[in-house]
Amino acid sequence: MMAGTLVSTIINGDQIEFACRPDETLLEVLRNRLGLTGSKEGCGTGDCGACSITLDGRLVCSCLVLAVEAEGRKVNTIEGLADGDTLHPLQTNFINHAALQCGVCTPGLLIASKALLDRNPNPTDEEIRFALAGNLCRCTGYDKIVHAVKATAKELRKQ
Amino acid sequence: MANDTKFRNRKFKAVGTRPPRPDGLDKVTGRAKYGADTFAPGQLVGRVLRSPHAHAQITRIDTSKAEKLNGVKAVITSKDLPDLTDGDSDLYDTLENCMARDRALYDGHAVAAVAAIDAPTARKALKLIRVTYTILPHVTDVDEAIKPDAPIVQPRVYTSGVSPKPKSPSNVARVSEFGHGDVEAGFKAADIIVEKSYKTEQTHQGYIEPHACLASVGPDGHGELWVTTQGHFVFRNTCAALLGMDVAKLTVTPSEVGGGFGGKTHVWMEPIALALSRKANRPVKLEMTRNEVFRSTGPTSSTSIDVKIGVKKNGRITAASAYLRYHDGAFPGIWAMLGAMTSYACYDLKNVKTVGYDILVNRPKVGAYRAPSAPMAAFAVESTINEVATKIGMDPIDFRIKNAAKEGTKSSYGPTYGPIGIGPTLAAVKKHPHMRAQLKKNQGRGMACGFWFNFGGETCTDLNICVDGTVTLTVGTVDLSGSRTSLSLIAAEELGIPYERVKCNISDTASLGHNDMTDGSRGTFSSGMSIIFAARNAIDDLCQRAADTWGIPVKDVVWKDGRALAKGKKHRKLKSLSLDDLAAASSNTGGPIAGHSQIVADGAGVSFASHICDIEVDPETSATKVVRYTVIQDAGKAVHPDYVEGQFQGGAAQGIGWALNEEYVYDENGRLQNPGFLDYRVPVCSDLPFIDTQILEIPNPNHPYGIRGVGETSIVPPLAAIGNAVSDVAGVRMTHVPMSPPRIRKAIKDKQA
């Protein structure tokens, strides 16, 4: 039985401590120890992006991050995207543009879209498509997703 | 009037609008709960041990060391799943596929399972299980499997559909034949005949959410199953049968589903989870890894198809035939049969013959994938249609229009068509601006048609009016991609109230009668029809309450725009009563107001589509790029146009992946080489352009609103549309899907040689 490690981190702005094994991924800890099931395991090997989070602002697949690596860092998940009862414009536009069908890829896509707009507020269609190329969606064909991100970028630039 | 299914034209108020979906908030915040998102106190982690061999005799399974490992609470083999199938061969196949009995039949076939206190213990326990295999010869290729010296996959299977009954087992599980007329005479009368053979490789539905469930069974025979599924009632029936439980004592609750496309209409490991839970007497959570999803669930058939079409110089087809070899995996299925049925469904043919061969191979049990078997048949037929058009010097669209099926056509698979959309979609293709867009260097354009039957089926719904006049809908069809929205629109339309006053819930199996699965594009069609009838029942009750309140005969009451009105001059002083008024007074007028409906929804309308695509092929690498794509499809009546467009785009995207990159790769040992998203290459955001859609509405005469199923047809044309486009650029007919760069290069090189 592997010995556990105590990890201290900030998740969605909250100071959180958890214990985990050295071989546990951050995705496993988020879902199984902290009850944050918004990040999904689609593949466990970093190919689908359903587990996307940001670590100190950097977009990563949480299935490829060891939980112990979160020590002293800022983790942001889908659960922290809305500000209380105010949705982020990306969330509102995803609903309004019908950019989700089954919705399982949606948390990862929202996190990836936010990471894009945070660093590039005026992306071209091609830049959007390549920024989201790490997030698989099997339902929508990505069409309405790209429209939703474009519309959000335009809205945020006006603010 | 209540249960009248005939289409009646009307001006819609709610249906056809684009409101936000009710489950949107949960899905964009991560609150929505999918198969793996629930937890039970004391739950164990389940893991499954799977055969690494394509075909092997299991001589011994020694679980003793695994059972002794600290933290292991249950270990099961097929001994813990006794055969209760009582001669039902389909159910026995399901049982054997869930867990191997004496032979492993494919790489990934389950042989044992454990439940332990945590994942590391479960993984360790699997490693301690000793399975002794005797490797047997295997076969994975559909054409190899029918050779006389091929190893027999299932000694209990004798070819069905042939006469006289065969005396020895065969890998040909079934032969099915469809058609009418005299194809021999038809080919004799032809001026030109084109014969060609095609192959398509195996693909997977590729849903992003792996299978997952939480099972809890007690020694009293009562159990609960939380599961991601397209059909919780069917899952309940199957699991109860396999475990020897009473159906009513197993409650199945469907989670949100992270993609199904037909792959979640079959049980895979759910009986294992229930058996583990029963043995351990604790809840067991069982999640598949992505590797297991590819190896051990229900991908499509790979196929080998021979097409022959005869035509007169004036463009009329005189005869058409197709011989279709589809594999079923290691257990018999009807996949070739469906291919044989759909092959020529788009055309009005005097002489047509299609024969389907369902063939067993050492691969996973084939499952349904969105218009199952139709895309491959359409690839073969629609590619040949283009070849024929070229040979007689006719435009491919005009050639199709000349031979298209229409109202009154006897279809190639039997029934006679009512009003249908194939002609209109072809006319729309001709007019579409996509056809006039300039092609650049190394780009080609292709178009193709597709068809799907769509299904009805057993459906049960409840409609309850709350005390404040808002409405609760309870349905038994799982919502895969937004049907809750459409069903709410239908209820709002029928009752004449705003959409926002309706809430649609998917019930568990304990709260409604049987509902067939959400498959066959039947969810909105069937539950929608059932809700219309349930609403009409509720309206009858509402009118009665109004009549009682006014003290007038109920025949003098009419329901309009959400209100009860007293008809006739003599009642003109009576003020109308709204749904809210009647709901508030309901406890004084007879109690709760509700409507219920249980039907076998019939008359699902067939759906046709035509697609256009532009493909660029790199002259050096043969890499392909989808430059432009257009979907034109008949929806009958689009209840929520955004989500109808979404179905068109999603189906097209899956077809594009299938046409260009997706395939199962097996090695010479019959082991799957690419069970992951890295090497099983589905389209990503940067692979695709915007996908243009055009919704046509030719009402289905057998649905009150004219609704046809929409979810499946859009995956049918892409293989052929892209095949026609790539063949156009490459200058050679592409006959093997996926048309990956190596295949395109080889086709071009072979032509140059």
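Residues numbered from 1 in each chain as written. Chains lettered and ligands numbered in written order. Predicted model: local features only at pLDDT ≥ 70, side-chain atom pairs only at ≥ 80, totals over all residues.

1. So, the overall build of chain A
Helix and strand content of chain A: 5 helices and 5 strands. Computed over C-alpha atoms, the radius of gyration of chain A comes to 16 Å, within 12% of the 15 Å expected from 2.2 N^0.38 for 159 residues, which places it in the range of a compact globule. Dimensions along the principal axes, computed over C-alpha positions, put chain A at roughly 50 × 30 × 25 Å. Counting the 159 residues in chain A, one finds 56% classified as buried. (Helix = DSSP H or I, 4+ residues; strand = E, 2+ residues; numbered from the N terminus. Rg over C-alpha atoms; globule rule 2.2 N^0.38 Å. Buried ≥ 20, exposed ≤ 12 C-beta atoms within 10 Å, placed from the backbone.)

2. Comments concerning the overall build of chain B
The helix and strand inventory of chain B stands at 19 helices and 27 strands. At 27 Å, chain B has a C-alpha radius of gyration in line with the 27 Å of a compact globule built from 753 residues. In terms of its C-alpha atoms, chain B occupies a principal-axis envelope of roughly 90 × 75 × 55 Å. Every one of the 753 residues in chain B was classed for burial, and the buried ones make up 60%.

3. Concerning the domain arrangement of chain B
Residue and element names in this part refer to chain B. The domains assigned to chain B are domain 1 (24-32 + 456-601), domain 2 (44-137 + 205-296) and domain 3 (303-394 + 402-413 + 425-444 + 604-752). A straight line from the C-alpha centre of domain 1 to that of domain 3 covers 39 Å. With 16 residues of domain 1 in contact, the opposing surface of domain 3 contributes 13 residues. Of all the secondary structure elements, the ones that give two or more residues to the side of domain 1 that touches domain 3 are helix H13 (483-495) and helix H14 (523-550). When residues of the side of domain 1 that touches domain 3 are assigned to their parent elements, the largest contribution, 5 residues, is made by H14. Considering only residue class, the side of domain 1 that touches domain 3 consists of 5 nonpolar, 9 polar and 2 charged. (Domains from an automatic or database assignment. Contact = placed C-beta atoms within 7 Å. Nonpolar A, V, L, I, M, F, W, Y, C, P; charged D, E, K, R; others polar.)

4. What to know about the packing of helix H17 (residues 641-660) of chain B against helix H18 (residues 718-730) of chain B
Residue and element names in this part refer to chain B. Where H17 contacts H18, the two axes come as close as 8 Å, and the packing angle between them is 50 degrees. The orientation of H17 with respect to H18, classified from their angle, is oblique. The hand of the H17/H18 crossing is right-handed. Across the interface between the two elements, Ala652, Gly655, Ile656, Trp658, Ala659 and Leu660 from H17 touch Pro718, Leu719, Ile722 and Gly723 from H18. Of the residues contributing to the contact of H17 with H18, the split by class is 8 nonpolar, 2 polar and no charged. (Axes fitted to C-alpha atoms, helices over the stretch in contact; angles between N-to-C directions. Parallel < 35°, antiparallel > 145°, perpendicular 65-115°, else oblique. Left-handed = near helix turned anticlockwise from the far one by under 90°.)

5. Brief notes about the sheet that holds strand E24 (residues 607-617) of chain B
Residues and elements named next belong to chain B. On the basis of which strands lie adjacent, the open sheet formed by 4 strands has the order E16-E24-E25-E26 and mixed pairing. The open sheet has two edge strands, strand E16 (443-452) and strand E26 (691-696), and neither has a second partner. Going across the sheet, the axis of each strand differs from the next one's by a mean of 15 degrees, ignoring polarity. Direction of pairing for E16 relative to E24: antiparallel, over a ladder of 10 bridges. Looking across to E24, one finds that Gly444 is bridged to Ile615. Along the sheet, H17 makes contact with E24, strand E25 (624-634) and E26, crossing E26 at roughly 125 degrees. (Pairing = 2+ DSSP bridges.)

6. What about the packing of helix H6 (residues 232-243) of chain B against helix H7 (residues 270-280) of chain B?
Residues and elements named next belong to chain B. Following both chains from N to C, one finds H6 and H7 inclined at 50 degrees, their axes separated by 10 Å at the closest point. The orientation of H6 relative to H7 falls into the category oblique. For the crossing formed where H6 meets H7, the hand is right-handed. In contact with Phe235, Cys239, Leu242 and Leu243 of H6, H7 contributes Glu270, Pro271, Leu274 and Ala275. Counted by class, the contact of H6 with H7 contains 7 nonpolar, no polar and 1 charged residues.

7. Quick word on the confidence of the model for chain B
Residues with a pLDDT of 70 or more make up 100% of chain B, whose mean pLDDT is 96. This prediction of the complex comes with two scores: 0.96 for pTM and 0.98 for ipTM. (pLDDT = per-residue confidence, 0-100.)

8. Structural notes on the domain arrangement of chain A
Put simply, an interface is often sized by how much accessible area is lost when its parts join up. Residue and element names in this part refer to chain A. When cut into domains, chain A gives domain 1 (5-80) and domain 2 (89-158). Summarising the inter-unit geometry, the C-alpha centres of domain 1 and domain 2 are found 22 Å apart. On the domain 2 side, the residues contacting the 13 residues of domain 1 number 11 residues. The element that contributes the greatest number of residues to the side of domain 1 that touches domain 2 is strand E3 (residues 52-55), accounting for 3 residues. The residue makeup of the side of domain 1 that touches domain 2, split by class, is 6 nonpolar, 6 polar and 1 charged.

9. Quick look at unusual backbone geometry
All names here are of chain B. Residue Pro164 is bonded to the preceding Ser163 through a cis peptide linkage, with omega at 0 degrees. Of note, Pro164 is situated in the loop between strand E6 (130-135) and strand E7 (172-180). Across the junction of Val737 and Pro738, the peptide omega takes the value 5 degrees, indicating a cis bond. Within the fold, Pro738 resides in the loop between strand E27 (736-737) and helix H19 (741-752). You will see that Ser373, though not glycine, has its phi angle at about 80 degrees, which is positive. Here Ser373 lies in the loop between strand E15 (352-360) and helix H10 (374-391). Non-glycine residue Ser622 carries a positive phi angle of around 65 degrees. As for its placement among the helices and strands, Ser622 is situated in the loop between E24 and E25. When the 21 C-beta atoms within 10 Å are taken as the criterion, Ser622 is described as buried.

10. Points about the interface of chain A and chain B
Opposite the 41 residues of chain A that make contact, chain B presents 42 residues. Only helix H2 (89-96), helix H3 (106-119), helix H4 (125-131) and helix H5 (143-158) of chain A provide two or more residues apiece to the side of chain A that touches chain B. Among the elements that make up the side of chain A that touches chain B, the one with the highest residue count is H2 of chain A (4 residues). Classifying every residue of the side of chain A that touches chain B gives 21 nonpolar, 12 polar and 8 charged.

11. Quick word on the sheet that holds strand E17 (residues 457-465) of chain B
Residues and elements named next belong to chain B. Taking strand neighbours across the sheet as the criterion, the 4 strands line up as E19-E18-E17-E23 in an open arrangement whose pairing is mixed. With one partner strand each, in any of the chains shown, strand E19 (502-506) and strand E23 (593-601) form the two edges of the open sheet. For this sheet, the mean inter-axis angle between neighbouring strands, taken without regard to orientation, is 15 degrees. Bridging between strand E18 (residues 471-475) and E19 involves 5 bridges; their strand directions are parallel. Within E19, the residue paired with Thr472 across the bridge is Lys503. Of the strands in this sheet, E17, E18 and E23 touch H14, which is tilted by about 145 degrees from E23.

12. Quick word on the pairing of E24 of chain B
Residues and elements named next belong to chain B. By the criterion of burial, E24 is predominantly enclosed, with 11 of the 11 residues buried. Burial along E24 is two-sided: the residues Ser607, Ala609, His611, Cys613, Ile615 and Val617 and Phe608, Ser610, Ile612, Asp614 and Glu616 are all buried. Direction of pairing for E24 relative to E25: antiparallel, over a ladder of 9 bridges. Bridging from a neighbouring strand, Val617 pairs with Thr624 of E25. Counting the residues in the hairpin turn of E24 and E25 gives 6 residues, including Ser622, whose phi is positive at 65 degrees.

13. Some remarks on helix H11 (residues 396-403) of chain B
All names here are of chain B. Every buried residue belonging to H11 is among Phe399, Arg400 and Asn403, and all of these are buried. Buried residues of H11, viewed axially, fall in a sector of 95 degrees; they line one side. On its buried face, H11 is in contact with strand E14 (317-329), H10, helix H12 (422-431) and E16. (Arc of directions from axis to C-beta.)

14. A closer look at the nonpolar core
Residue and element names in this part refer to chain B. Core analysis: the biggest nonpolar cluster contains 284 residues, and Ile272, Ala491 and Ile722 have the highest contact counts within it. At 12 residues, the largest contribution of residues to this core is made by H14. Those residues within four positions of Ile272 in sequence are excluded, and the remaining contacts are Val48, Cys98, Met99, Ala110, Ala113 and Leu286. (Core = buried A, V, L, I, M, F, W, Y, C linked by C-beta atoms within 7 Å.)

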